[in-house]
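Chain residues, written in single-letter form:
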Amino acid sequence: MEAKNLKVPANSLRSGPDEKGHFGLYGGRYVAETLMPLILEVEQAWHKARDNEAFWDEFNALAKDYVGRPSPLYFAKATTAHYGGAKIYFKRDELNHTGAHKINHCLGQILVARRMGKKRIIAETGAGQHGVATATVCALFDMPCTVFMGAEDIKRQKPNVFRMKLLGAEVVPVTSGSGTLKDAMNEALRHWVAHVEDTYYLIGTVAGPHPYPEMVRDFQSVIGIETKEQMMEKEGRLPDSLVACIGGGSNAMGLFHPFLDDPSVQMFGVEAGGFGVDTDKHAASLTGGSTGILHGMRSYFLQNDDGQINEAHSISAGLDYPGIGPEHAYLHDIDRVQYVSVTDDEALEAFKMLSQLEGIIPALEPSHAFAHVMKLAPTLPKDHVLVMNLCGRGDKDIFTVAEKLGMEI
Amino acid sequence: MSRIQKTFEALKDKNQKALNIFVTAGYPDATRSLEILKSLPSSGADLIELGIPFTDPMADGPTIQDSSLQALENGMSLQGTLDMLTEFRKDNTGTPVILMGYFNPIYKYGCDKFVNNAKTAGADGLIVVDLPPEEDEELRIPAQKAGLDFIKLVTPTTIGTRLDTVIKNASGFLYYVSIAGITGTKSANIDEVAAHIKQIKEKCDLPVAVGFGIKTPEDAAKMSKIADAVVVGSAIVENINKNQSVSNIVAPLSEQVIALKKAI
Ligand SMILES: Cc1ncc(COP(=O)(O)O)c(C=O)c1O
């Protein structure tokens, strides 16, 4: 169950993007000219690596022994019994080294960066999970690492800031704009423009200019590839539905992509509904946004009628992004994946439920996925097999949750 | 002949270089922004780049970022920028105005509607920072059809065959970004800029304007020797910022523009 470059048939839903990086109307490369030659170079290096068996051997060896892959596919017996409907499985990517799925694409990208001969790595981070995973692979490969992080996020994700520093990364607070993930990404792009020669920008989700959405997806697809094989072993068949949370969409794309051509498999992407998508405080770009161009891609964004980007809001710093990866925008438009949202309060309730039912403290991000599972499972028959991506553990969130619950740590 | 062409030819006849002044529309507020805009030609601006404010200006440094956010807070919009230009044209028909910004507000407004309304308002050209040749057809084709020049950015990384790709559908003039970086930060290495402009001139007849990092009359003087136009942006916006509380904001700005024009 290892990742490699699988040949995809022409009429497949997995064949995107086209050679210019478009998924239907979405994606592309909307960047300043200074970056274009470099982005084309990243694309070339990535495609060369993708077609090279030795590259995947290196990736898979580290994924196994350093990250701890494959992550288990766990049948959640107590949860299944509690909700009395679908058979619920968790894909346990929270057990990865560093505690989330982000390490999958960090490992892949740093191997590409090394092949390009780049000397230093920059990244943006929201919750700090991607920042920690980036700092981790930089420590592993002895490369200097600079992480841009919104000043607001630095306040609410202190443990991860400390981890990044321990790992040797420089954490740069971003105060421009709203001081959150979108601003951190702006700042990383600005920094990259000024350091094109020696620097690789290690993007933390399936967003940004082509080839990032494709490349990050292909590294995260290890999640779906493993799930498919593990499900064959356990149930002897495909699952009936998949559920994953969506910030930029990397853990969801990783789970969904290998199943896109299996029409019997239903998929649910869960966006952060904040105070509710009918308020102005949420992060649901698909259910509450419209099409636009930001961060190098055409996709759905939270914005006003003048095309000004709105601030996102979510209890979960990792979902607090006013956009979404372009492949999700495409899958939304063609109705292959259903996108729903859950509120902060529902996610908080799900956080508590999962901790108590299974003894697994989830991150606030997959708590959103679980909140949807809590609604969905009871409506489904007992022979319906559902897989939820448990893409991160909750250690980083205990302070936020304690504060919300009015408890002191 | 377009206003841009006429301006460059008239200056060439007089053996002069052009001064392009960038201001953010609606900064520090709509009223004073219009006053500033109206004052620029008589102070010596040969061309004006009018920045359409955007929340997430990816290629701009803190000075222009802050000016954009303040303009937006004070109610400026893409429509407001066009209305401002319409006002400006009531008593100026000679100075070319180039609308400069990011694609999202234009995309949201609608490309066709935008080019028609921009033309009617009196715009001469467009510079859209995040629209490289690979993605520009959607706006470039309707813009050029409507008679707006589509001004391309050439950067220090635009070398080899990439240069051919970038200049292919350019019109009006070329905007040479003198540094690999964002606005208002580093200063350029003049020899490198000169060498690159020489290569560009071998391939393209359009005038070349140099921008990013030009702050003082001395900077402008040096750059004017190797280019057809110099662009000053962040230094102007910074001066507006400094004089926000002054009752006559136009006076210190005119002084600055006069000094820049004199230097080139
Ligand atoms: C555990 C976890 N899940 C999900 C996300 C959201 O990102 P994506 O939608 O790209 O998976 C994050 C982001 O930080 C995260 O830390």
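Above this note sits the structure.
About the thresholds
- Residues numbered from 1 in each chain as written.
- Chains lettered and ligands numbered in written order.
- Predicted model: local features only at pLDDT ≥ 70, side-chain atom pairs only at ≥ 80, totals over all residues.
- Heavy atoms only, no water.
- Helix = DSSP H or I, 4+ residues; strand = E, 2+ residues; numbered from the N terminus.
- Rg over C-alpha atoms; globule rule 2.2 N^0.38 Å.
- Lys, Arg positive; Asp, Glu negative; His and termini not counted.
- Charge placed at Lys NZ, Arg CZ, Asp CG, Glu CD.
- Near = heavy atom within 4 Å.
- Polar contact = N/O pair within 3.5 Å; in protein donor to acceptor, adjacent residues only side chain to side chain.
- Areas by Shrake-Rupley, 256 points an atom, 1.4 Å probe, with all protein chains shown as cover.
- Nonpolar A, V, L, I, M, F, W, Y, C, P; charged D, E, K, R; others polar.
- Pairing = 2+ DSSP bridges.
- Salt bridge = Lys/Arg side-chain N within 4 Å of Asp/Glu carboxyl O.
- Buried < 20%, exposed > 50% of the residue type's maximum accessible area, 1.4 Å probe, protein only.
- Contact = heavy atoms within 4.5 Å.
- Buried area = accessible area lost by both parts, 1.4 Å probe.
- Core = buried A, V, L, I, M, F, W, Y, C linked by side-chain atoms within 4.5 Å.

Asker: Pulling in residues and values, what's your account of the overall build of chain A?
Answerer: Assigned secondary structure in chain A consists of 16 helices and 14 strands. Its C-alpha atoms give chain A a radius of gyration of 19 Å, within 12% of the compact-globule value 22 Å for 409 residues. Principal axes of the C-alpha set define a box for chain A whose edges measure 55 × 50 × 45 Å. Each charge sign in chain A was given a centre, from 39 positive and 52 negative side chains, and these centres are 4 Å apart.

Asker: Talk me through the site of the ligand; I want residue IDs and the actual numbers.
Answerer: All names here are of chain A. With respect to spatial proximity, 18 residues lie near the ligand, and among them Thr205, Gly247, Gly249, Ser250 and Asn251 are the closest. Within the backbone of glycine 248, a nitrogen or oxygen atom sits 3.2 Å from an oxygen atom of the ligand. Within the backbone of glycine 249, an N or O atom sits 2.7 Å from an oxygen atom of the ligand. Protein coverage of the free-state accessible area of the ligand, which is 390 Å², stands at 97%. Grouping the amino acids of the shell around the ligand by side-chain chemistry returns six nonpolar, 10 polar and two charged.

Asker: Could you give an account of unusual backbone geometry, with specific residues and numbers?
Answerer: Working note: non-glycine residues mostly have negative phi, and peptide bonds are mostly trans. A cis amide bond links histidine 210 of chain A with the next residue in sequence, proline 211 of chain A, at an omega value of 15 degrees. Inspection of the secondary structure puts proline 211 of chain A in the loop between β8 (199-201) and α9 (212-220). Residues tyrosine 27 of chain B and proline 28 of chain B are joined by a peptide bond in cis, for which omega reads 0 degrees. Tracing the backbone through its elements, the reader meets proline 28 of chain B in the loop between β1 (18-24) and α2 (30-43). One non-glycine residue, threonine 98 of chain A, lies in the positive phi region at around 80 degrees. Looking at where threonine 98 of chain A falls in the secondary structure, it is placed in the loop between β4 (87-91) and α4 (102-116). A positive phi is found at histidine 295 of chain A, a non-glycine position, where the angle reads about 50 degrees. With respect to the helices and strands, histidine 295 of chain A occurs in the loop between β11 (290-294) and β12 (296-301).

Asker: Could you give an account of the sheet that holds β12 of chain A, naming the residues involved and the relevant values?
Answerer: All names here are of chain A. As summarised here, the arrangement of the four strands in space is β1-β2-β12-β11, forming an open sheet in which the pairing is antiparallel. Only two strands of the sheet have a single partner each, and these edge strands are β1 (22-23) and β11. When β1 meets strand β2 (residues 26-30), the two strands line up antiparallel, connected through two bridges. Bridge pairing links histidine 22 to glycine 27 in β2.

Asker: Which residues make up the pattern of salt bridges, and what values do they have?
Answerer: The tally for this structure, following the rule as stated, stands at 36 salt bridges over all chains. For glutamate 94 of chain A, the salt bridge is made with arginine 92 of chain A, and the minimal N-O distance between the two is 2.6 Å. Here glutamate 94 of chain A and arginine 92 of chain A have matching classes, each one buried. Between aspartate 136 of chain B and arginine 140 of chain B there is a salt bridge, with the nearest N and O atoms lying 3.1 Å from each other. There is no split in this pair, since aspartate 136 of chain B and arginine 140 of chain B are both buried. If you follow the salt bridges from partner to partner, you end up with Arg69, Lys91, Asp93 and Glu226 of chain A in one network.

Asker: I'd like to hear about the sheet that holds strand β7 (residues 174-177) of chain B, residue by residue, with values.
Answerer: Residue and element names in this part refer to chain B. On the basis of which strands lie adjacent, the open sheet formed by nine strands has the order β5-β4-β3-β2-β1-β9-β8-β7-β6 and parallel pairing. At either end of the open sheet lies a strand with only one pairing partner, and these are β5 (149-150) and β6 (152-154). As judged from the four bridges shared by strand β3 (residues 97-101) and strand β4 (residues 125-128), these two strands associate in the parallel manner. Bridge pairing links glycine 101 to valine 128 in β4.

Asker: Give a description of the interface of chain B and chain A that names residues and reports values.
Answerer: Contacts between the two partners involve 36 residues from chain B, matched on the other side by 36 residues from chain A. Note on chain B versus chain A: buried area summed over both sides is about 3,000 Å², and carbon and sulfur give 53% of it. At the boundary of chain B and chain A, one finds three salt bridges. We note a salt bridge from lysine 182 of chain A to aspartate 56 of chain B, for which the minimum N-O separation is 2.7 Å. Here chain B and chain A share 21 residue pairs in polar contact (both at pLDDT 80 or more) between them. Of all the elements in the fold, those that place two or more residues in the side of chain B that touches chain A are α3 (62-73), α5 (103-109) and α8 (161-167) of chain B. Within the side of chain B that touches chain A, the residues separate by chemical class into 19 nonpolar, eight polar and nine charged.

Asker: Describe the nonpolar core, listing the residues and the values that go with them.
Answerer: In this structure, Trp192 of chain A together with Ile21, Leu99, Phe103, Phe114 and Leu139 of chain B are the most contacted members of the largest nonpolar core, which totals 159 residues. For this core, the element with the highest residue contribution is α4 of chain A, accounting for eight residues. Once residues lying within four places of it in the same chain are set aside, the contact partners of leucine 99 of chain B are Leu50, Ile52, Thr81, Leu82, Leu85, Phe114, Ala118, Ala123, Gly125, Leu126 and Ile127 of chain B.

Asker: So what's going on with the pairing of β12 of chain A? Which residues, and what values?
Answerer: All names here are of chain A. Summarising burial for β12: six of the six residues are buried, a large majority. Summarising the sheet, β2 and β12 pair through two bridges and their orientation is antiparallel. Within β12, the position partnered with tyrosine 30 by the bridge is glycine 296. Bridging between β11 and β12 involves five bridges; their strand directions are antiparallel. Following the sheet pairing, threonine 291 is matched in β12 by tyrosine 300.

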